[in-house]
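Here is what each chain is made of, one letter per residue.
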Amino acid sequence: MRLYRFITGVDDSEFCHRVTAALNKGWELHGSPSLTYDAERGRTMCGQAVVKEADGTYSPGIKLGEY
């Protein structure tokens, strides 16, 4: 099965570490990162799509972060 995740968070080192952890678990970057400014909270938000091939059959109940 092919899995897809969209990792989001504040533009800081924690976000970068979350993406790095996914890459080290076999996920691959999918497309470019996205950025948006949250004027209400005064911070920049990031998003990065990642994909992965995995054994098994997809169901909506699987926990993507555990792959």
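Structural data are supplied above this passage.
We now examine the overall build of the protein chain. A tally of regular secondary structure across the protein chain gives 1 helix and 4 strands. Ordered by position from the N terminus, the helices and strands of the protein chain form the series β-α-β-β-β. Dimensions of the protein chain along its principal axes, counting C-alpha atoms only, are 40 × 25 × 20 Å. Buried residues in the protein chain amount to 28% of all 67 residues. For the protein chain, the proportion of contacts with a sequence separation of at least 24, taken over those separated by at least 6, is 60%. On the protein chain, roughly 4800 Å² of surface is accessible, and the fraction owed to carbon and sulfur atoms is 50%.

Let us look at the side chain of Arg5. One can find Arg5 in strand β1 (residues 2–10). Excluding residues that lie within four positions of it along the chain, Arg5 makes contacts with Ala22, Trp27, Gln48, Ala49, Val50, Leu64 and Gly65.

Counting residues in each nonpolar core, the largest one holds 11 residues, listed as Met1, Leu3, Ile7, Phe15, Val19, Ala22, Trp27, Cys46, Val50, Ala54 and Ile62. Of all the elements in the fold, those that place two or more residues in this core are β1, α1 (13–24) and β4 (43–53). For this core, the element with the highest residue contribution is α1, accounting for 3 residues. Once you skip the residues sitting within four places of it in the chain, Met1 turns out to touch Lys52, Glu53, Ala54, Asp55, Gly56, Thr57, Tyr58, Ile62 and Tyr67.

What counts, and where the lines are drawn
Per chain, residues are indexed from 1 in the order of the written sequence. Given that the model is predicted, a residue must reach a pLDDT of at least 70 before its local features are reported, and side-chain atom pairs must reach 80 or more before they are shown or counted; all residues, however, enter totals for whole chains, interfaces and linings. The side-chain numbers reported here are obtained from all heavy atoms of the structure, hydrogens and water having been left aside. Only DSSP runs of H or I with at least four residues qualify as helices, and only runs of E with at least two residues qualify as strands; both kinds are numbered from the N terminus onward. Type-normalised accessible area, obtained with a 1.4 Å probe on protein chains alone, sets the label of each residue: buried when under 20%, exposed when over 50%, and partly exposed for intermediate values. In this analysis, two residues are considered to be in contact whenever any of their non-hydrogen atoms come within 4.5 Å of each other. Using a 1.4 Å probe, accessible areas were evaluated by the Shrake-Rupley method; residue-level cover was limited to the displayed protein chains. Note on terminology: a nonpolar core comprises buried Ala, Val, Leu, Ile, Met, Phe, Trp, Tyr and Cys residues joined through side-chain atoms within 4.5 Å.

Taken by themselves, the reported measurements are silent on function.
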